[in-house]
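Coordinate analysis (summary)
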Amino acid sequence: MKNPGSSSILALFAALLITFQPTSAYSAETTGATKALYVKHCGDCHNEKRLGTTAPPLIPGYYSRSNRKRIFEVIRDGLPASQMPAFKGILSDEEMRAITKYIKTPVKKVTWTFNDIRKSRKEFVSTPPSVNMKERDLEDLTLVMERGTKSVVVLDNGNFNILTKFKVGAVHGGPKYSYALDKIYAVARDGLVTVFDIKTLSTILQTRVSISARGIAVSHDDKTIGVANYLPSNVVFFDAQMEPLYEIPLDDKAGGFYSIKKEKLFVLSFRDKPEIWFIDPANGFKIDKHILPEPFEDFSISPFEPRIVGAKRGSGKMYVYDYKQRKIVGTFPAEGLPHVASATFWKTKNGTLYSGINHIMKPEMTILNMSELKIAATVPLPGAGFFVRTHANLPDLWVDTETEKIVLVDKKTFKIVKTLIPRPGRKAMHVEFDKAGNYALITIPGDNGAVIIYDTDTIKPVKTMPFSYPVGKYNATNKTYPARTLDETNPPERTEKNLKAFSSTPIDDSIMDTSSNLGEEVYYDYCMGCHHQTLEAFGPSLRDIARKRTRSQIQAHILAPKSSAPALGYKNNSMPKIVLSDKKLEAITDYIISYK
């Protein structure tokens, strides 16, 4: 999907049908009529062979906990705030039951062996880079994930020039640096691992480790690489040359998978099983299993105290787990799906440890006092965002809101002190800093997207870089050694700014809005979460809107939904106000009307 928030949209669907793209053939005996029904109504999104495309696969193993009744209900009623429409009134109950039976048909066991991994291996010859990497500060490189080209772009933070870019596929989450900061490891959703040599700026190896992967982690000494997979359901460990060493089969889908450098361990959680595993690569990959009160679908690890913050969607709770004591030490209310994997931590000058956590489905941020194990503050936000970032040299938290606004929250008062709108009418997201905290990089997603670089002292933009659908950004030190840039008792040295090195080329809205598909881009950025083009989802389809409303009514409901709702027959309004430029408003209106 084009929507930068599609991870949150599809996350609801993923609770039932996890989003992957296996390539193994299925074995199913069914009537031609049922298969034709499936292909007609489901094949565009879920693939004609049920292997998933823009929507999840529909084969057993991905939704084993969902019985036929639940699958039938999803087909009939759809899923709110997702692209899964309701087929009630389109298909008869008998047809929906037939499709339910069809997608529950067993498949052959899917395997991906060490031999398959070895056969997929491709090695590449490194070539001398066009720049002298010995003169670069490898601790201050930043990676930009460019979804539009399925590439990683390497930025030199000395001047934010592009050093190179390399293909990685559809990566879930961010790539990992080696602790020596000489390699980058990226795993795509289809299990392809790319190994990139930083010193030569070259891809040196690619190998497919599975059919569908969850995440990758690097051991404390860079000698062991682990990949958690969905298909087959396992964790596979490799040596530094990506030669497979050991496999741990899993009986549940992997949740979070990371390494804890201090403990020299890998740590794994699960989506549905309330357990956390600590895996020791130096002791035959021995597993130390511990029970949790609820599954940690994902978690973040404090770079200071031995604490993990974990949560499960829909539970209304958030937990702090002490991995030294191997027990829960704090439980907190947390509505709106806390995005714990993208939380930030910081240690104040008096030694108090805090964590800031955004909520994907509720416009607020929770600030935990991790030292005293209590909620320090709940900060209302303009929208429900994903990421919270800060730096030891800065007084504020930089918080995205899934809107055009980035808010700065004072780390002492926990109050919003400034609101940035990097590009009016364009969503702004995922802040990252350079190593010294001199600059903040903000993503403007979209096909005609950009990364806007702010001076953190003046809070003014100094450079704008165009990208094809940029998403996350990852500074080498912030990603790999976060304690070095989050500890106010020992902050990194603030280097002298070289503003003359920046060829500041701001892109105005007229340039960023010139896409011939601007209306479609606005749809994916703002509307896709609730509205399907032709079928009813959480909200009415674009076709239904176009057929029942005038142009002025469409625009009024976009700009002032609360006041226009009664005239459209709504007793209660659930449509958020969307602020758009005139050009974008006309473009999305034209796009909606095109479905009439």
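Looking at an unreviewed UniProt entry, one finds the protein chain named Cytochrome c domain-containing protein and attributed to hydrothermal vent metagenome.

The next thing to look at is the overall build of the protein chain. Within the protein chain, the regular secondary structure consists of 14 helices and 33 strands. Looking at the protein chain as a whole, 57% of its 596 residues are labelled buried. Within the protein chain, contacts between residues at least 6 apart in sequence are counted, and of these 52% link residues at least 24 apart. Summed over its atoms, the accessible surface of the protein chain is roughly 24,900 Å², and 51% of this surface lies on carbon and sulfur atoms.

This part is about the sheet that holds strand 19 (residues 317-322). Strand order in the open sheet made by the four strands is 17-18-19-20, with antiparallel pairing throughout. Here the strands that pair on one side only, and so sit at the sheet edges, are strand 17 (298-301) and strand 20 (327-333). Across the sheet, the axes of successive neighbouring strands diverge by a mean angle of 25°, strand direction being ignored. Across four bridges, the pairing between strand 17 and strand 18 (residues 307-311) is antiparallel.

As a further point, take the pattern of salt bridges. Scanning all chains against the criterion turns up 29 salt bridges. The salt bridge involving E402 is made with K427; its shortest N-O contact spans 3.1 Å. You can see E402 sitting in the loop between strand 26 (396-400) and strand 27 (406-410) and its partner K427 sitting in the loop between strand 28 (416-420) and strand 29 (429-433), a full 25 residues away along the chain. For K427, a relative accessible area of 3% puts it in the buried group. One salt-bridge network, in which partners are shared between bridges, spans D137, E139, K435 and R484.

Right, let's get into the sheet that holds strand 12 (residues 244-249). One open sheet accounts for four strands, arranged 9-10-11-12; its pairing is antiparallel. Each end of this open sheet is capped by a strand with a single partner; those strands are strand 9 (212-218) and strand 12. Geometrically, the sheet is characterised by an average inter-axis angle of 20° between neighbouring strands, direction not taken into account. Judged from the six bridges that link them, strand 10 (residues 224-231) and strand 11 (residues 234-239) form a sheet pairing that is antiparallel.

This part is about helix 4 (residues 68-77). Considered for burial, the residues of helix 4 that qualify are I71, F72, V74 and I75. Seen along its axis, helix 4 keeps its buried residues to an arc of 160°; they face one direction. For helix 4, the elements touching its buried residues are helix 5 (93-103). G78, located one to two residues past helix 4, shows a positive phi value of around 75°.

A few words now on the environment of F257. Topologically, F257 is positioned in strand 13 (residues 254-260). A sequence separation of 41 residues divides F257 from I216, and the C-alpha atoms of the two residues are 7.0 Å apart. Contact partners of F257, with chain neighbours within four places excluded, come to G215, I216, A217, G226, V227, A228, V235, F237, F266, V267, L268 and F299.

Now for the packing of helix 4 against helix 5. Helix 5 packs onto helix 4 with a crossing angle of 125° between their chain directions and a minimal axis gap of 9 Å. Here helix 5 runs oblique to helix 4, going by the angle between their axes. The chirality of how helix 4 crosses helix 5 is right-handed. Seen from helix 4, the contacting residues are R68, I71, F72, I75 and R76; seen from helix 5, they are D93, M96, R97, I99, T100, K101 and I103. Along the lines of polarity and charge, the residues of the contact of helix 4 with helix 5 split into six nonpolar, one polar and five charged.

Here we take up unusual backbone geometry. Between L231 and P232 the backbone carries a cis peptide bond, its omega angle lying at -10°. Backbone geometry places L201, a non-glycine residue, at a positive phi of 50°. Inspection of the secondary structure assignment puts L201 in the loop between strand 7 (192-197) and strand 8 (202-208). Take L201: its relative accessible area is 12%, and that puts it in the buried class. Within the chain, D222 stands out as a residue other than glycine whose phi angle is a positive 65°. Within the element layout of this structure, D222 appears in the loop between strand 9 and strand 10.

In this structure, Y481 sits in the loop between helix 7 (476-480) and helix 8 (483-486). A residue is classified by how much of its surface remains accessible, and Y481, at 16% relative accessible area, is buried. Residues Y481 and P303 lie 178 residues apart in sequence; the distance between their C-alpha atoms is 7.9 Å. Sequence-distant contacts of Y481, defined by excluding residues within four places in its chain, comprise Y179, L181, K261 and A476.

On to the pairing of strand 24 (residues 374-380). Two strands pair when backbone bridges link them, and strand 23 (residues 364-369) and strand 24 are joined in this way by six bridges, in the antiparallel orientation. Residue pairing for strand 24: L368 is matched across the bridge by I375. Joining the antiparallel neighbours strand 23 and strand 24 is a turn of four residues, in which L373 adopts a positive phi near 55°.

Criteria and cut-off values
- Residues numbered from 1 in each chain as written.
- Predicted model: local features only at pLDDT ≥ 70, side-chain atom pairs only at ≥ 80, totals over all residues.
- Heavy atoms only, no water.
- Helix = DSSP H or I, 4+ residues; strand = E, 2+ residues; numbered from the N terminus.
- Buried < 20%, exposed > 50% of the residue type's maximum accessible area, 1.4 Å probe, protein only.
- Contact = heavy atoms within 4.5 Å.
- Areas by Shrake-Rupley, 256 points an atom, 1.4 Å probe, with all protein chains shown as cover.
- Pairing = 2+ DSSP bridges.
- Axes fitted to C-alpha atoms, helices over the stretch in contact; angles between N-to-C directions.
- Salt bridge = Lys/Arg side-chain N within 4 Å of Asp/Glu carboxyl O.
- Arc of directions from axis to C-beta.
- Parallel < 35°, antiparallel > 145°, perpendicular 65-115°, else oblique.
- Left-handed = near helix turned anticlockwise from the far one by under 90°.
- Nonpolar A, V, L, I, M, F, W, Y, C, P; charged D, E, K, R; others polar.

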